[in-house]
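Observations on the model geometry
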Amino acid sequence: MSTTEPLPAAEAAPPLAGVPDVPADVLAELRSTWLPRPEPDSAGRAERHRLAEAARRLIEAVKLVDPEGDADALGSVADEVSDLAARIAALPSVEQRTPSFEDLQLHERSPFVGAANPLAPPMELEADGPVVRAHAVFGAAYEGPMGRVHGGYVAAAFDEVMGVAQSGAGALGMTAYLTVRMKRGTPLHQRIDYEAEVVRVEGRKAWVEARSYADGVLVADGEGLFIRARAV
Ligand SMILES: CCCCCCCCCCCCCCCC(=O)SCCNC(=O)CCNC(=O)[C@H](O)C(C)(C)COP(=O)(O)OP(=O)(O)OC[C@H]1O[C@@H](n2cnc3c(N)ncnc32)[C@H](O)[C@@H]1OP(=O)(O)O
């Protein structure tokens, strides 16, 4: 891909040649309902999301706190946070019960999109015809070069958005390879926009293209191959 123009918006996902089983109108409906973030289905889940958001602020604060400041104060908060981690770990774990449908959703658990996952920025998703659009703001914890997102996270964000694009097109594969061209640094602390679309399907293989933009300027683009397991 050489153009820097965003992919055009589309009215609806056209049928994708090669994707089996699921009619295009059903997929389009699923995409429009599954990709936007749902409201939490219980008070407990809402509180877990609030806890994850607090943990994100904690991660950011720990990354930025000055080691040349007050060592006693640092030691004291390290003890408190350690006690808090032990209190949380002593609460019932999702791994001790059969996961619910909501537990398994990308919006809940993903390291990029998951509201319950403190590692997730979290990224927001939307369906735009056959294109999946996403956006995220990466904080200090994602820093590689000064003020820029680490290249591993740049690539991983592409994996997520491409993975959703091919799942949303019914391909349901796993990443076999991913190529990301990093054209400019991806800046921290500002909204990064993504777009991804399946461009070709052959049997169990789906090829996806994606791009990312900072303030409308192309910062990276790439493509990936996703392969559906034989059993699915
Ligand atoms: C409806 C709305 C829903 C929206 C809501 C979305 C929910 C859901 C979103 C999820 C979003 C998560 C996004 C993260 C996605 C991951 O991170 S997935 C995790 C990372 N990837 C992996 O762990 C994959 C590890 N690799 C594998 O498991 C296996 O190698 C694979 C990829 C499944 C392929 O295995 P296999 O099926 O045994 O492959 P095999 O039969 O040997 O080869 C099949 C063909 O593929 C080719 N091939 C195999 N591997 C490769 C390769 N690496 N490179 C090139 N060609 C290859 C072979 O040459 C062969 O080609 P042909 O001879 O048919 O032409």
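Residues numbered from 1 in each chain as written. Predicted model: local features only at pLDDT ≥ 70, side-chain atom pairs only at ≥ 80, totals over all residues.

Moving on: the overall build of the chain. Within the chain, the regular secondary structure consists of 6 helices and 6 strands. Each helix and strand of the chain, ordered N terminal to C terminal, gives the series α-α-α-α-α-β-β-α-β-β-β-β. Over its C-alpha atoms, taken along the principal directions, the chain stretches across nearly 65 × 45 × 30 Å. Here the contacts in the chain between residues at least 6 apart in sequence split such that 64% fall between residues at least 24 apart. (Helix = DSSP H or I, 4+ residues; strand = E, 2+ residues; numbered from the N terminus. Contact = placed C-beta atoms within 7 Å.)

The environment of the ligand is made up of 20 residues, and the closest members are Leu30, Gly163, Ser167, Met174 and Ala176. Looking at the shell around the ligand, the elements with two or more residues in it are helix 1 (24-34), helix 6 (151-168), strand 3 (174-182) and strand 6 (217-227). If one sorts the elements of the shell around the ligand by residue count, helix 6 sits on top with 6 residues. (Near = placed C-beta within 6 Å.)

Moving on, we get to the nonpolar core. Grouped together as the largest cluster of nonpolar side chains are 40 residues, with contacts concentrated most on Val132, Ala157, Val161, Ala165, Ala196 and Val208. Of all the secondary-structure elements, those providing two or more residues to this core are strand 1 (124-128), strand 2 (131-137), helix 6, strand 4 (191-202), strand 5 (205-214) and strand 6. No other element matches the 8 residues that helix 6 contributes to this core. Once you skip the residues sitting within four places of it in the chain, valine 161 turns out to touch Val132, Ala134, Tyr194, Ala196 and Ala210. (Core = buried A, V, L, I, M, F, W, Y, C linked by C-beta atoms within 7 Å. Buried ≥ 20, exposed ≤ 12 C-beta atoms within 10 Å, placed from the backbone.)

It is worth spelling out the UniProt feature "domain: Thioesterase" (unreviewed entry) in the chain at this point. Taking the UniProt record as the reference, the feature "domain: Thioesterase" (unreviewed entry) is found at residues 146-215. Along residues 146-215 the backbone is 26% helical and 44% strand, and the end-to-end C-alpha distance reaches 19 Å. (UniProt positions renumbered as here; feature names shortened; annotations may be inferred.)

A few words on unusual backbone geometry. Of the consecutive residues proline 121 and proline 122, the connecting peptide bond is found in the cis state with omega at -10°. The residue proline 122 is located in the loop between helix 5 (106-109) and strand 1 in this model. The phi torsion at leucine 172 lies on the positive side, around 55°, for a residue other than glycine. Among the structural elements, leucine 172 can be located in the loop between helix 6 and strand 3. When the 20 C-beta atoms within 10 Å are taken as the criterion, leucine 172 is described as buried. Positive phi is not limited to glycine here, since aspartate 215 has a value of about 55°.

What follows is about the confidence of the model for the chain. Per-residue confidence for the chain gives a mean pLDDT of 91; residues scoring 70 or more make up 91%. Across residues 10-15, where pLDDT falls below 50, the model places 16 contacts with residues more than four positions away in sequence or in other chains. (pLDDT = per-residue confidence, 0-100.)

Here helix 6 spans 26 Å end to end across 18 residues, near enough to the 26 Å set by a 1.5 Å rise per residue. Across the 18 residues of helix 6, 13 count as buried, placing the element largely inside the fold. One or two steps after helix 6, the chain reaches glycine 170, where phi turns positive at roughly 90°. (Expected span 1.5 Å × (residues − 1).)

Let's shift gears to the pairing of strand 4. Of the strand pairs in this sheet, strand 2 and strand 4 are connected by 6 bridges, and their pairing is antiparallel. Residue pairing in the sheet places valine 132 in a bridge with alanine 196 of strand 4. Relative to strand 5, strand 4 is paired through 10 bridges, and the arrangement is antiparallel. In the strand pairing of strand 5, valine 201 is matched with alanine 206. The turn linking strand 4 back onto strand 5 is made up of 2 residues, and glycine 203 within it adopts a positive phi angle of 60°. (Pairing = 2+ DSSP bridges.)

What follows covers the environment of threonine 179. Residue position: threonine 179 is located in strand 3. The exposure class of threonine 179 is exposed, given the 11 C-beta atoms found within 10 Å. A C-alpha to C-alpha distance of 9.1 Å links threonine 179 and leucine 225, two positions 46 residues apart in sequence. Among residues more than four places away in sequence, those in contact with threonine 179 are Gly222 and Glu223.

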